Amino acid sequence: MKEIKKILVTGAVGQIGSELTLALRDKYGAEHVIATGRKTEPSKELKESGPFHFIDVNSVDSVEEMIKKYEIDTIIHMAAILSGVGEKNPMLAWDVNMNGTLNILNLGVKYDMARVIIPSSIAVWGPGTPSVAPQDTALHPTTMYGVTKVAGEILADYYVLKYGLDSRGLRYPGIISSETLPGGGTTDYAVAIYYEAVKNKKYTCFVREDTRLPMMYMPDCIKATIDLMEAPFDKLNRHNDYNVGSMSFTAKDLANAIKKHIPDFVDSYEPDFRQAIADSWPDDVEDDAARKDWGWDPSHNIESMTKDMLEKLQARHAKGELE
Ligand code: SER
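### Notes on the sheet that holds strand 10 (residues 174–176)
Consideration 1: Sheet architecture is open: three strands sit in the order 10-12-14, paired in mixed fashion. Every other strand in the sheet has two partners, leaving strand 10 and strand 14 (247–250) as the edge strands with one partner each. Neighbour-to-neighbour, the strand axes of this sheet turn through a mean angle of 45°, independent of strand direction.
Consideration 2: One ladder, built from three bridges, connects strand 10 with strand 12 (residues 212–217); its direction is parallel. Bridge pairing in strand 12 places I176 opposite Y217.

### Observations regarding the sheet that holds strand 8 (residues 167–168)
Consideration 1: Here six strands make up an open sheet; going across it, the order is 3-2-1-4-5-8 and the pairing parallel. A strand with exactly one partner marks an edge of an open sheet, and here the two such strands are strand 3 (52–54) and strand 8.
Consideration 2: Two strands pair when backbone bridges link them, and strand 2 (residues 33–37) and strand 3 are joined in this way by three bridges, in the parallel orientation. Bridging from a neighbouring strand, G37 pairs with F54 of strand 3.
Consideration 3: Its contacts with the sheet place helix 5 (residues 90–110) against strand 1 (7–10), strand 4 (74–77), strand 5 (115–117) and strand 8, and it is angled at close to 170° to strand 4.

### Observations regarding helix 9 (residues 251–259)
Consideration 1: When helix 9 is considered as a whole, its buried residues turn out to be A251, L254, A255, A257 and I258. Seen from one end, helix 9 has its buried residues packed into an arc of 160°, which puts them on one side.
Consideration 2: Buried residues along helix 9 sit against helix 7 (189–200), strand 11 (202–205), strand 14, strand 15 (266–269) and helix 12 (302–318).

### Observations regarding the pairing of strand 11
Walk down a regular strand and you will see the side chains alternate between the two sheet faces.
Consideration 1: With burial as the criterion, only one face of strand 11 is covered, namely that bearing Y203 and C205; the residues K202 and T204 on the opposite face remain uncovered.
Consideration 2: Where strand 11 and strand 15 come together, four bridges link them in parallel fashion. Each bridged residue has a counterpart across the sheet, and for K202 the counterpart in strand 15 is V266.

### Observations concerning the packing of aromatic side chains
For any two aromatic rings, the description comes down to two numbers: the centre-to-centre distance and the angle of the planes.
Consideration 1: In the structure shown here, the tally under the stated rule is seven aromatic pairs.
Consideration 2: Centre to centre, the rings of Y159 and Y163 are 5.0 Å apart; their planes meet at 50°, and the pair counts as tilted. You can see Y159 and its partner Y163 sitting in helix 6 (residues 144–163), four residues apart, about one turn around the helix.
Consideration 3: Under the relative-accessibility criterion, Y163 is labelled partly exposed at 43%.
Consideration 4: Considering the side-chain rings of Y189 and F206, the 5.6 Å spacing of their centres and the 90° angle between planes classify their relative orientation as edge-to-face. With Y189 in helix 7 and F206 in the loop between strand 11 and strand 12, this residue pair connects regions lying 17 residues apart in the sequence.
Consideration 5: Take F206: its relative accessible area is 11%, and that puts it in the buried class.
Consideration 6: An aromatic cluster is built from Y158, Y159 and Y163, whose rings are joined through pairwise contacts.
Consideration 7: Stacked on the ring of F206, the Lys or Arg R274 has its end atom at 3.4 Å from the ring centre.

Thresholds applied
- Residues numbered from 1 in each chain as written.
- Predicted model: local features only at pLDDT ≥ 70, side-chain atom pairs only at ≥ 80, totals over all residues.
- Heavy atoms only, no water.
- Pairing = 2+ DSSP bridges.
- Helix = DSSP H or I, 4+ residues; strand = E, 2+ residues; numbered from the N terminus.
- Axes fitted to C-alpha atoms, helices over the stretch in contact; angles between N-to-C directions.
- Contact = heavy atoms within 4.5 Å.
- Buried < 20%, exposed > 50% of the residue type's maximum accessible area, 1.4 Å probe, protein only.
- Arc of directions from axis to C-beta.
- Phe/Tyr/Trp six-rings, centres within 6.5 Å; stacked < 30°, edge-to-face > 60°.
- Lys NZ or Arg CZ within 6 Å of the ring centre and 35° of its normal.

Next comes the structure, spelled out in structure tokens:
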């Protein structure tokens, strides 16, 4: 297994990429983690803590330039169009998610990368999947995002088989975090509810109160990603489609958890087009393979996450950062 020395992160300005980049810089050294985004300005912290460049994952040349300039040996490919935005513009989701992924895989082979990490999602599931999704089950997504994630998993597995590329991936649940807002997914309500609770003490949720989905707090998401990336190759019985579970709760459970800290918080529900997407996804996931192969073991539950989220957001609100 080749050593990880220089990491390129695509989508580093996104919800997960922004915090993952900082965690990687702590671990691998600031100059060893190259953050890239397409258009959105990076936060001051992201920009000042190490190298940052604008690139387009759909342009092979712009990615290749980074690989050569920094002698990259590992790519973490976070750039993607999520489910909500993808349903508004399916061709954009196809183009960015499929062609971007293909470019990363081809460059991974061309530059003999130590590792390529391509996250997948609970969006790979749909009708025919049991409410607690087993590791191996029907994959019938009903969104373009899900279609591209299924295809991306299979494509990356093909590169492992055909070219011996060490590509790895995990199926993220909805990710909840306090630093960067998510960019247009179906699980975004589980983040927005905290921001609105802190700012206005009320939130109108775009899914029904009984909507139950698998979720995870950002520190566990970062841990899962780095743990999988660093796991010994010979322990991995699969490559690009590891289920990772953590918590499962309804929108109402989340509102009630917040009310324990903010008793006058008012929740209401007005489902929109994302309800059908949420309804097509399972309630929870089985993650025995990740636990067995690379020791996956999440730390947070809804109570510990809610306490931490509210503390962090209240501190940001007091500094005027949430306006
Ligand atoms: N959070 C994503 C979405 O809602 C799921 O991976 O699109």
